[in-house]
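# Structure assessment
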Amino acid sequence: MAVIYYEAVPVAHLGAQGEVTLVYDPSWLARAGAFPVSLTMPLSGEPFGSSRVVPWLANLLPEAHLTELGLQLKVSPQDVVGMLMRLGRDTAGAFSFGEARRSGNNFRIVPDGAALERIIEELPERPFLVGEHGVSMSLAGVQDKLPVYMANGEKIAIPIDGTPSTHILKPDIRRLAGSVQNEAFCMTLARLCGLAVADVTTGRVGKRSYLLVTRYDRVSDQLGIVRRVHQEDFCQLLGLLPSAKYERSGLGAARGANLTAMFRALANLVSPAERLALLDGVIFNVLIGNSDSHAKNYSVVVGAGGTARLAPLYDLMCAAVYRNVDQALPQSIGSRTNANELHGEDWRTLATSVDMSAASTMARVREMSEAIEAHLTTAAATVEAMPAGPHDVIAKSIRAIQKRCRRIMRQL
């Protein structure tokens, strides 16, 4: 059996004879402050079958580079448990797979900018620094990125031996000019609008710029030891594989995550009150032209006993400035998948489908649009002062967002 750990404590055991199963360790069930690996698998002595376990596990793996990772690790990319046993000592959320973490904070400092630039350039061929001694980490998603540890609050380091990363480094995307400043701008704008959002800054090494995102699923204790906080994304909450993160994934009964299901899962598994924060996130993403706000880009933070709340927002970007990016909404609103066609009736339909007030929803669209327009200039100045400096994508984003907000307000 493969073991799942929280720090050095065994949490659950995975079995893979016939089907993948998960059973909690008795010592974890007896532990004060224990929490479930997933809200869909509450603390219990009974085993959970593959229909619940496999989607939860699969969403911890990267969606890109699985073939390359499998070749280097000598594990089939289809072997989800095998991949996590080799790659999963630092994943999203609280758990490590295969081995407990070594005590203390263990890391190797990246010596200089040239070394960091080299790591960034090699990420497509060596995702997550696979094969490097002591390094075993995984992040979901399709973009090249690297979990890092900030040593002494300022030096970028690579965590080893199961030490949790504290930040996520996201290099510039060459096919999306100014992606770093674009995301920093949208994240900053969200914070100025009063939304809970992960902290970000930018950086530059040589010819490459990068976004540095502070992980909200990490905290430091009184001794400075980094500890993990549990989270899971909405594909995990809905029991869906990563390929179903968009509503248009699949056909008929196999279609992917939709907003009605996401809101209901939040109400049933977390709290009906948290729907207001999710609604704000959905509205904000529509207004900034973020066409990639799929189900894996919303998460919940899980605490002791399975208490939970909606996680801060992340992966916010104005996709409307890129002609080579699909502009369709990841989840329909009412009957629409084109944000430019949204009218008041579509917002009212959404509200009704998730048992929320249509009038309050309409009012929130107006309030969010006004807040966004009021804070565009401040957000731009904040990002331009960050280490990576300005980029003309910010001015383009401002124009696109203003156009989107005003159009939706006219059609409300």
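That block above? That's the structure.
Let me begin by describing the structure that accompanies this report. (Residues numbered from 1 in each chain as written. Predicted model: local features only at pLDDT ≥ 70, side-chain atom pairs only at ≥ 80, totals over all residues. Heavy atoms only, no water.)

### Points about the packing of helix H6 (residues 179-192) against helix H11 (residues 358-384)
Viewed as axis vectors pointing N to C, H6 and H11 meet at an angle of 130°, and their least axial separation amounts to 8 Å. It follows that H6 is oblique to H11 by the angle criterion. In this structure, H6 meets H11 at a crossing whose hand is right-handed. Of the residues in H11, those in contact with Gln181, Ala184, Phe185, Thr188, Leu189 and Leu192 of H6 are Ile372, His375, Leu376, Thr378, Ala379, Ala380, Thr382 and Val383. Among the residues making up the contact of H6 with H11, the classes are represented as nine nonpolar, five polar and no charged. (Axes fitted to C-alpha atoms, helices over the stretch in contact; angles between N-to-C directions. Helix = DSSP H or I, 4+ residues; strand = E, 2+ residues; numbered from the N terminus. Parallel < 35°, antiparallel > 145°, perpendicular 65-115°, else oblique. Left-handed = near helix turned anticlockwise from the far one by under 90°. Contact = heavy atoms within 4.5 Å. Nonpolar A, V, L, I, M, F, W, Y, C, P; charged D, E, K, R; others polar.)

### Details of the side chain of His13
Tracing the backbone through its elements, the reader meets His13 in strand E2 (residues 9-15). Classification of His13 as buried rests on a relative accessible area of 19%. Within polar-contact distance, the side chain of His13 engages the side chain of Asp25 at 2.8 Å. (Buried < 20%, exposed > 50% of the residue type's maximum accessible area, 1.4 Å probe, protein only. Polar contact = N/O pair within 3.5 Å; in protein donor to acceptor, adjacent residues only side chain to side chain.)

### Some points on the pairing of strand E8 (residues 167-171)
Counting buried positions over the five residues of E8 gives five, a clear majority of the element. Burial along E8 is two-sided: the residues His167, Leu169 and Pro171 and Ile168 and Lys170 are all buried. Pairing analysis gives three bridges linking strand E6 (residues 146-151) to E8, with the strands arranged antiparallel. Within E8, the residue paired with Leu146 across the bridge is Leu169. Examined bridge by bridge, E8 and strand E10 (residues 208-214) share five bridges and lie antiparallel to one another. Within the sheet, the bridge partner assigned to Pro171 lies in E10 and is Tyr210. (Pairing = 2+ DSSP bridges.)

### Comments concerning the environment of Gln17
Mapped onto the secondary structure, Gln17 falls in the loop between E2 and strand E3 (21-24). Classification of Gln17 by relative accessible area gives exposed; the value is 78%. It is 9.4 Å that separates the C-alpha atoms of Gln17 and Met1, two residues lying 16 residues apart in sequence.

### Some details on the pairing of strand E14 (residues 299-302)
Residues of E14 alternate between two faces, with Ser299 and Val301 on one and Val300 and Val302 on the opposite face, all of them buried. For strand E13 (residues 230-233) and E14, the ladder comprises four bridges, and the chain directions are antiparallel. For Asp233, the partnering residue across the bridge sits in E14 and is Ser299. Here E14 pairs with strand E15 (residues 308-310) via three bridges, running antiparallel. Looking at the pairing, Val300 lines up with Leu310 of E15. Where E14 folds back onto E15 in an antiparallel hairpin, the turn is made up of five residues, including Gly305, whose phi is positive at roughly 75°.

### Comments concerning the packing of H6 against helix H12 (residues 393-410)
Where H6 meets H12, the closest approach of the two axes is 9 Å, and the angle between their N-to-C directions is 50°. By the angle between their axes, H6 is oblique relative to H12. Regarding H6 and H12, the two cross each other, and that crossing is right-handed. Contact with H6, carried on its side by Gln181, Asn182, Phe185 and Leu189, involves Val393, Ile394, Ser397, Ile398 and Ile401 of H12 and no other residues of that element. Each residue belonging to the contact of H6 with H12 can be placed in one class, and the counts come to six nonpolar, three polar and no charged.

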